[in-house]
Amino acid sequence: MYPDGTEALSDISIRITHGESVAVVGANGAGKSTLLLHLNGFLKPSSGSVRIGDYPLTKETLQEVRRTVGMIFQDPDDQLFMSTIQEDVAFGPFNLGLPRDEVDQRVADALERMGINHLRDKPPFRLSAGEKRRAAIATVLSMTPDIMVLDEPTTGLDPLGRRQIITILREFTHTKIIATHDLDLVLDLCARTIVLHQGRIWADGQTCDIFRDEALLHECHLEKPLSMQGCPVCSAGTPED
Ligand SMILES: Nc1ncnc2c1ncn2[C@@H]1O[C@H](COP(=O)(O)OP(=O)(O)OP(=O)(O)O)[C@@H](O)[C@H]1O
Ligand SMILES: [Mg+2]
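The sections below set out a description of the structure shown in this document. Every value quoted in this text rests on a predicted model; they were computed, and no experiment measured them. (Residues numbered from 1 in each chain as written. Chains lettered and ligands numbered in written order. Predicted model: local features only at pLDDT ≥ 70, side-chain atom pairs only at ≥ 80, totals over all residues. Heavy atoms only, no water.)

## Quick notes on the packing of aromatic side chains
Each aromatic ring pair is described using two quantities: the centre-to-centre distance and the angle formed by the ring planes. Here is the rule we go by: Pairing of aromatic side chains here covers Phe, Tyr and the six-membered ring of Trp, requires ring centres within 6.5 Å, and sorts the geometry by plane angle: under 30 degrees stacked, over 60 edge-to-face, intermediate tilted. Every helix listed is a DSSP run of H or I at least four residues long, and every strand listed is a run of E at least two residues long, numbered separately from the N terminus.
Inspection of the entire model under this criterion finds two aromatic pairs. Consider the rings of phenylalanine 42 and phenylalanine 73, whose centres lie 5.0 Å apart with planes at 75°: the pair is edge-to-face. Taken together, the residues span a long stretch of sequence, with phenylalanine 42 in the loop between α1 (32-37) and β2 (51-52) and phenylalanine 73 in the loop between β4 (69-72) and α3 (85-95) at a distance of 31 residues. Ring centres 5.1 Å apart and planes at 85° place the aromatic pair phenylalanine 81 and phenylalanine 91 in the edge-to-face group. Of the two residues, phenylalanine 81 is situated in the loop between β4 and α3 and phenylalanine 91 in helix α3; the sequence distance between them amounts to ten residues.

Shown next, in the form of structure tokens:
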């Protein structure tokens with residue numbers, strides 16, 4: 001429940017096990033971001049509880065949970081607040097108390113992997129939307145989390161950037177939970193999909209079963225991934241002359 005009384009989620013019960021790759025899909029306002037924000041304590045459930053590994057999420061375990069769960073916010077501006085990208089990417093590892101060269105190494109790796117090394121000395125507000133998204137992901141990669149939670153990771157990225165993210169996420173073999181409207185990415189990366197509709201879990205199962213269920217997709221205002229749709233040009237047949 002948000003402070004203004006909006007009940008964004010209800011009756012949510014999910015268990016995600018180590019190594020799973022889970023998509024959270026649903027129309028605008030379905031509750032995806034709200035659900036994700038519960039996973040590292042940015043929001044607290046008004047009833048029920050969240051457990052991460054061996055820990056119930058409480059005030060005492062919050063720090064440990066945030067070390068375990070890397071969260072990439074829907075809006076990169078929520079993630080980038082230092083005066084340069086390099087400082088932003090170093091912020092997390094620095095706060096873990098890691099030695100200087102370990103921090104430098106992690107920053108260099110994360111910037112390299114996201115292809116933004118050339119932007120390291122720029123302030124976040126001078127970056128394009130896609131560059132900001134890459135930088136936001138780098139701030140989480142530098143923390144080497146056990147669980148990655150990503151809210152719309154490919155929004156605003158060009159096709160190559162989108163591909164790079166998919167490759168990086170595929171290489172990340174621990175648990176990942178991805179809220180997205182990019183259903184082709186879901187097909188590529190997530191064996192399991194949770195469909196949210198009006199704050200409730202409408203379906204939770206194998207991605208391929210869910211995307212074949214036309215009635216479910218229609219009810220939840222979703223469309224089949226492009227790669228599962230017939231090609232409009234070919235299926236239209238030979239154009240008449
Ligand atoms: N801070 C807030 N205060 C009050 N209500 C909120 C707040 N943030 C979100 N909501 C409401 O909670 C519901 C779920 O919002 P949420 O952001 O989780 O949706 P979403 O599925 O992530 O949508 P989108 O695809 O647009 O990102 C919506 O009805 C929204 O209006
Ligand atoms: Mg959202």
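There's more to say after this.
## Concerning the nonpolar core
Rules: Here, nonpolar core refers to any group of buried Ala, Val, Leu, Ile, Met, Phe, Trp, Tyr and Cys residues whose side-chain atoms link them within 4.5 Å. Burial classification: accessible surface area is computed with a 1.4 Å probe over protein chains only, and a residue below 20% of its type maximum counts as buried, one above 50% as exposed, and the rest as partly exposed. Any pair of residues with heavy atoms lying within 4.5 Å of one another is described as a contacting pair.
With 42 residues, the main nonpolar core has Met114, Ile116, Met148 and Val195 as its most contacted residues. For methionine 114, the contacting residues outside a window of four places in its chain are Arg134, Ile137, Ala138, Leu141, Ile165 and Ile168. Core analysis: the next-biggest nonpolar cluster, separate from the first, contains 18 residues, Leu37, Ile52, Val69 and Ala179 among them.

## Quick look at unusual backbone geometry
Of note in the backbone geometry, glutamate 152 takes a positive phi value of approximately 55° without being a glycine. Inspection of the secondary structure assignment puts glutamate 152 in the loop between β5 (147-151) and α6 (159-171). Its relative accessible area of 5% is what places glutamate 152 among the buried residues. With a phi angle near 60°, histidine 221 is a residue other than glycine that sits in the positive phi range. As for its placement among the helices and strands, histidine 221 is situated in the loop between α9 (214-219) and α10 (232-235). Histidine 221 sits in the exposed class, given a relative accessible area of 59%.

## Looking at the side chain of arginine 134
Short version of the rule: Pairs of N or O atoms within 3.5 Å make up the polar contacts considered here, provided that, within protein, one atom can donate a hydrogen while the other can accept it, and that residues adjacent in sequence are counted only when both atoms are side-chain atoms.
Looking at the element boundaries, arginine 134 is found in helix α5 (residues 129-141). A residue is classified by how much of its surface remains accessible, and arginine 134, at 13% relative accessible area, is buried. At 3.0 Å, the side chain of arginine 134 forms a polar contact with the side chain of glutamine 164.

## Thoughts on helix α4 (residues 100-113)
This is how the line gets drawn: By definition here, a helix of n residues has an expected span of 1.5 Å times n minus one. Arc definition: it is the arc formed by the directions from the helix axis to the C-beta atoms.
Over its 14 residues, α4 extends 20 Å from the first C-alpha to the last, a length consistent with the 20 Å expected when each residue adds 1.5 Å. Among the residues of α4, those classed as buried are Val103, Arg106, Val107, Ala110 and Leu111. Axial view of α4: buried residues confined to an arc of 125°, hence all on one face. For α4, the exposed residues lying more than 90 degrees away from the buried face are Asp101 and Glu112. As for α4, its buried residues are in contact with α3 and α5.

## So, the coordination of the magnesium ion (ligand 2)
To keep things clear, this is the line we draw: Metal-coordinating donors are taken as N, O and S atoms lying within 2.8 Å of the metal, or within 3.2 Å when the metal is Na, K or Ca; because water is left out, some sites can appear incomplete.
For the magnesium ion (ligand 2), the full set of protein donor atoms is Ser33 (OG) and Gln74 (OE1), at a range of 2.0 to 2.2 Å. With serine 33 in helix α1 and glutamine 74 in the loop between β4 and α3, the pair connects residues that are 41 residues apart, well separated along the chain.

## Notes on the site of ligand 1
For the record, the criterion: Definition of nearness: a residue and a molecule or strand are near each other if at least one heavy atom of the residue lies within 4 Å of the molecule or strand. Methods summary: accessible areas were calculated by the Shrake-Rupley approach with a probe of 1.4 Å, and residue burial reflects only the protein chains presented. For this classification, the nonpolar set comprises Ala, Val, Leu, Ile, Met, Phe, Trp, Tyr, Cys and Pro, the charged set comprises Asp, Glu, Lys and Arg, and every other residue, Gly included, is treated as polar.
Surveying the vicinity of ligand 1 reveals 15 residues, the closest of which are Gly29, Lys32, Ser33, Thr34 and His181. Glycine 29 places a polar main-chain atom, nitrogen or oxygen, 2.8 Å from an oxygen atom of ligand 1. The backbone of alanine 30 places a nitrogen or oxygen atom 3.2 Å from an oxygen atom of ligand 1. Taking 640 Å² as the accessible area of ligand 1 by itself, protein coverage stands at 65%. Its residues assigned to classes, the shell around ligand 1 comprises four nonpolar, eight polar and three charged.

## Overview of the packing of α3 against α4
Put simply, the test is: To get an axis, a line is fitted to the C-alpha atoms, and for a helix only the part in contact is used. The angle between two axes follows their N-to-C directions and goes from 0 to 180 degrees. If an angle is under 35 degrees, it is roughly parallel; if it is over 145, roughly antiparallel; if it lies from 65 to 115, roughly perpendicular; otherwise it is oblique. By convention the crossing between two helices is left-handed if the near helix lies anticlockwise of the far one by an angle smaller than a right angle, and right-handed if it lies clockwise.
Where α3 meets α4, the closest approach of the two axes is 9 Å, and the angle between their N-to-C directions is 130°. Between α3 and α4, the angle falls in the class oblique. Relative to α4, the crossing made by α3 is right-handed. Along the contact surface, α3 presents Ile85, Gln86, Val89, Ala90, Pro93 and Phe94, while α4 presents Arg100, Val103, Arg106, Val107, Ala110 and Leu111. Taken together, the residues of the contact of α3 with α4 break down into nine nonpolar, one polar and two charged.

## Considering the environment of histidine 197
Residue placement: histidine 197 occurs in strand β7 (residues 192-197). Remark: the alpha-carbon pair of histidine 197 and arginine 170, spanning 27 residues in sequence, is separated by 27 Å. Once you skip the residues sitting within four places of it in the chain, histidine 197 turns out to touch Ala30, Trp202, Glu219, Cys220 and His221. A distance of 3.4 Å separates a polar side-chain atom of histidine 197 from the backbone oxygen of glutamate 219.

As far as function goes, none of this settles anything; it's purely spatial.
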